[in-house]
Amino acid sequence: MDVGAFEGPLDLLLTLSRTQKVDLREISILALAEQYLAFVEKAKELRLELAADYLVMAAWLAFLKSRLLLPPDPTEEGPSGEELAAHLAFQLERLEAMRKSAAQLMARDQLGRDFFARGITEDVQRVRRVTYTATLLDLMQGYARIRTKDEFRPFVMDRKSLMTMEQALERMRHLIGFAGEWTDISSYLPEGWEVDPARRRSSTAATFAASLELAKEGKIEIRQGETFAPIQIRKKVPRDE
Amino acid sequence: MSEPQNESLFEAPPIAEQERMVEAILFATADPVTVTELTGRMPHGSDPAEALAHLRKRYEGRGVNVVKVGDAWAIRTAPDLGFLMQKETVETRKLSRAAIETLAIVAYHQPVTRAEIEEIRGVSVSRGTIDQLIELEWIRFGRRRMTPGRPVTFVVTQGFLDHFGLENARDLPGLKELRAAGLLDNRPPPGAAISDSEEGAEEADQSDMFEDDA
Amino acid sequence: MSEPQNESLFEAPPIAEQERMVEAILFATADPVTVTELTGRMPHGSDPAEALAHLRKRYEGRGVNVVKVGDAWAIRTAPDLGFLMQKETVETRKLSRAAIETLAIVAYHQPVTRAEIEEIRGVSVSRGTIDQLIELEWIRFGRRRMTPGRPVTFVVTQGFLDHFGLENARDLPGLKELRAAGLLDNRPPPGAAISDSEEGAEEADQSDMFEDDA
């Protein structure tokens, strides 16, 4: 026998079992184990290379054989020899069944051999159509966007509550000539701007920034007595050095 | 299969059987098949031309037909069912901002010329944008303006009114209503620099003060 | 084409017309087409399942037949006419015994893990065998098994059913008998030590036996 012809120990066992010429359900597992062990012995004599799993199976069958032959030891745990033998018989029967099923399957009419699919196929053309959508809201927002563009241009002009540093600077350059004494910068705010909070905030910031700019230019001096005390400025008198 | 058969049993299969054969061959072959080729493939004594005639008749008015392609034969989709071989996928996209603005201007100012649209938007209007709106059947050409050059005007269509659920373009809300609806407050870039600084100013002030505090 | 059509445009086409459509669609492709796909391609309100039943009947005994493949449908040449199709025959690579057995095990035991396949065949399954079957599109990955290690399972594909002319996996030859005989049961080996996990158990057994042997 050629070991290479077998697909593993279970396959070898199945082949050996056929020599018993009985239904797999009535097979003598003990006899089968002996057949297998004899086969492996012979293979060893012939110095055939046996894959490890064949030896593993041989060892297991030797163990099974001893279990089947010796009276059960009540102290020993685990499945009985009969249970193990029954499972092996089941495995063999199952493998045999799968073999038969595989053969039946391959004997069926097969696509491309016995029956055929369409030769001239027509691909489904994918036509992608894009439609566009918009809502009334989109439309109105779009219109608002355009119209407010117009509105904002004049709005830039009538920023009524906003004073820029440039504006403050312009204004202070005119006024600073008159400020010989320390004067609170709040008095430089445009008339009326000190009332409205937004305007006061904006003009104060602008005026303060302008003051710093003027101080940098050396035109004025700034002082503040303490934190939160009024900020005062006065014209810087050029000193003779 | 049940056709009367006068030929000897030892000769060709019954014509119905031949028809089945031609049917299978035409179905499975990757190219149209000539009668010569059919003769070569079918059992000796077969009459493929005859079988073809039967088969052709059988497929008349069906979803596929037996058709002659050059001097060969093939089974092909019935011409009226060609649409089934196309799978149309409809993709809905949002109209571009340029298109929405252009459409809005036409709706609010119709009839309006292209030059006027450009003037209102402050940017030129691409031909594609106008074409797209015409294709969508939301705008159409109106009368020519009786001014030098007689420019065409654009107006919105009934389809536009239907789509946007309007009875009349005059039903479009005016600026005041837009503002009342809060639509004008939702203004991004154009005045952004200004409106930003308005709100931003307060924050800036605050953080300044906190720094002072520290 | 010539069907009278009194129905409103918004109703489904007459069933005869639907049958033509199904016919055209099935003829146009080599792959099985699902009812869902048919529904998607046919006019709104169509009932492809009904049309398919008519069509299937129409092609009974013909050179080509309407066959069911899983949950899809296809037209295939009648198997008895295969002899005419030598030219079309696809030479398939001969499958190894291991591949054939593995395929059968997946078909009959699906979903099945690799360890289970190995348990049934009593040898390890080479990666190449699984790969080959996946490449042939006869098996694919199924769900992971909800057991420790969450092993992947394998199941057969629609391509498998199509290739072997099966309506569904329940039509596998001898399936009922095998089930009745308990041969498709997942019967764990007796004994706690062994039923632990199939892979682990084998290794444990081996080392035990080697000790016995020594």
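Look up a bit, the structure's there.
A brief structural summary.

Quick notes on the rules
- Residues numbered from 1 in each chain as written.
- Chains lettered and ligands numbered in written order.
- Predicted model: local features only at pLDDT ≥ 70, side-chain atom pairs only at ≥ 80, totals over all residues.
- Heavy atoms only, no water.
- Helix = DSSP H or I, 4+ residues; strand = E, 2+ residues; numbered from the N terminus.
- Buried < 20%, exposed > 50% of the residue type's maximum accessible area, 1.4 Å probe, protein only.
- Phe/Tyr/Trp six-rings, centres within 6.5 Å; stacked < 30°, edge-to-face > 60°.
- Lys NZ or Arg CZ within 6 Å of the ring centre and 35° of its normal.
- Contact = heavy atoms within 4.5 Å.
- Buried area = accessible area lost by both parts, 1.4 Å probe.
- Salt bridge = Lys/Arg side-chain N within 4 Å of Asp/Glu carboxyl O.
- Polar contact = N/O pair within 3.5 Å; in protein donor to acceptor, adjacent residues only side chain to side chain.
- Nonpolar A, V, L, I, M, F, W, Y, C, P; charged D, E, K, R; others polar.
- Expected span 1.5 Å × (residues − 1).
- Pairing = 2+ DSSP bridges.
- Axes fitted to C-alpha atoms, helices over the stretch in contact; angles between N-to-C directions.

1. As for the overall build of chain A
Helix and strand counts for chain A stand at seven helices and four strands. When the helices and strands of chain A are placed in sequence order, the string is α-α-α-α-β-α-α-β-α-β-β. Within chain A, the fraction of its 241 residues that count as buried is 38%.

2. Some points on the packing of aromatic side chains
Inspection of the entire model under this criterion finds twelve aromatic pairs over all chains. Seen from their ring centres, Tyr59(B) and Tyr59(C) are 6.4 Å apart, and the 40 degrees between their planes marks the pair as tilted. One end of the pair, Tyr59(B), is in the loop between helix 3 (48-58) and strand 2 (64-69); the other, Tyr59(C), is in the loop between helix 3 (48-58) and strand 2 (64-69), on a second chain. For the pair Tyr59(B) and Tyr59(C), one class covers both residues: buried. Of the aromatic side chains, those joined through ring pairs into one cluster are Phe27(B), Tyr59(B), Phe27(C) and Tyr59(C). A cation sits over an aromatic face here: Arg187(C) above Phe90(A), 3.8 Å from the ring centre.

3. Structural notes on the interface of chain C and chain A
When the parts of a complex come together, some accessible area is lost, and that lost area is often taken as the interface size. The interface is formed by 55 residues belonging to chain C together with 44 residues belonging to chain A. Together chain C and chain A conceal approximately 4300 Å² of surface at their shared face, both sides included; 65% is due to carbon and sulfur atoms. The tally of links from chain C across to chain A stands at four salt bridges. We note a salt bridge from Glu101(C) to Arg99(A), for which the minimum N-O separation is 2.2 Å. Where chain C meets chain A, there are eleven residue pairs in polar contact (both at pLDDT 80 or more). For the side of chain C that touches chain A, the secondary-structure elements that each account for two or more residues are helix 1 (15-28), strand 3 (72-77), helix 4 (97-109), helix 5 (114-121), helix 7 (158-163) and helix 10 (198-213) of chain C. Across the side of chain C that touches chain A, the residue classes break down as 32 nonpolar, eleven polar and twelve charged.

4. Digging into the interface of chain C and chain B
Each side of the interface is counted separately: chain C has 30 residues, and chain B has 29 residues. Taken together, both faces of the contact between chain C and chain B bury some 2500 Å²; the carbon and sulfur share is 60%. On the chain C side of the interface with chain B, the three residues burying the most area are Arg20(C), Arg62(C) and Leu84(C), jointly 24% of the side's total. For the pair chain C and chain B, the interface holds five salt bridges. Between Glu19(C) and Arg62(B) there is a salt bridge, with the nearest N and O atoms lying 3.1 Å from each other. At the boundary of chain C with chain B, the tally comes to 15 residue pairs in polar contact (both at pLDDT 80 or more). Put simply, the parts of the chain that give the side of chain C that touches chain B at least two residues each are helix 1, helix 3 and strand 3 of chain C.

5. Notes on the environment of Arg76(B)
Structurally, the position occupied by Arg76(B) is in strand 3 (residues 72-77). Once the C-alpha coordinates of Arg76(B) and Val66(B) are considered, the two residues, ten residues apart in sequence, prove to be 6.4 Å apart. Those residues within four positions of Arg76(B) in sequence are excluded, and the remaining contacts are Arg118(A), Ile120(A), Pro32(B), Val64(B), Asn65(B), Val67(B) and Val69(B).

6. Observations concerning the pattern of salt bridges
Going through the model one piece at a time under the given rule, you end up with 34 salt bridges over all chains. Salt-bridge contacts for Asp162(C) lead to Arg76(C); the nearest nitrogen and oxygen are separated by 2.7 Å. With Asp162(C) in helix 7 and Arg76(C) in strand 3, this pair connects stretches of sequence that are 86 residues apart. Salt bridges here are not isolated pairs; linked through shared partners, they connect Glu7(A), Asp11(A), Arg99(A), Arg97(C), Glu101(C) and Arg121(C).

7. Focus: helix 1 (residues 15-28) of chain B
With 14 residues, helix 1 of chain B extends 20 Å between its outermost C-alpha atoms, agreeing within 8% with the 20 Å of an ideal straight helix rising 1.5 Å per residue. Along helix 1 of chain B, 14 of the 14 residues are buried, which leaves the element largely enclosed by surrounding structure.

8. Some remarks on the environment of Leu184(C)
Here Leu184(C) lies in the loop between helix 8 (175-180) and helix 9 (192-195). Using a relative accessible area of 16% as the deciding quantity, one classes Leu184(C) as buried. Setting aside its immediate chain neighbours within four residues, Leu184(C) contacts Met98(A), Tyr108(C), His109(C), Leu175(C), Leu178(C) and Arg179(C).

9. Quick notes on the sheet that holds strand 3 (residues 220-224) of chain A
Residue and element names in this part refer to chain A. Sheet architecture is open: three strands sit in the order 2-4-3, paired in antiparallel fashion. Bordering the open sheet on either side are strand 2 (183-184) and strand 3, each of which pairs with just one other strand. In this structure, strand 2 lies alongside strand 4 (residues 231-235), joined through two bridges in antiparallel fashion. If you follow Thr183 over to strand 4, its bridge partner there is Ile233. Lying on the sheet, helix 7 (residues 197-216) is in contact with strand 3 and strand 4; it crosses strand 3 at an angle near 125 degrees.

Everything listed here is a matter of geometry and, on its own, says nothing about what the molecule does.
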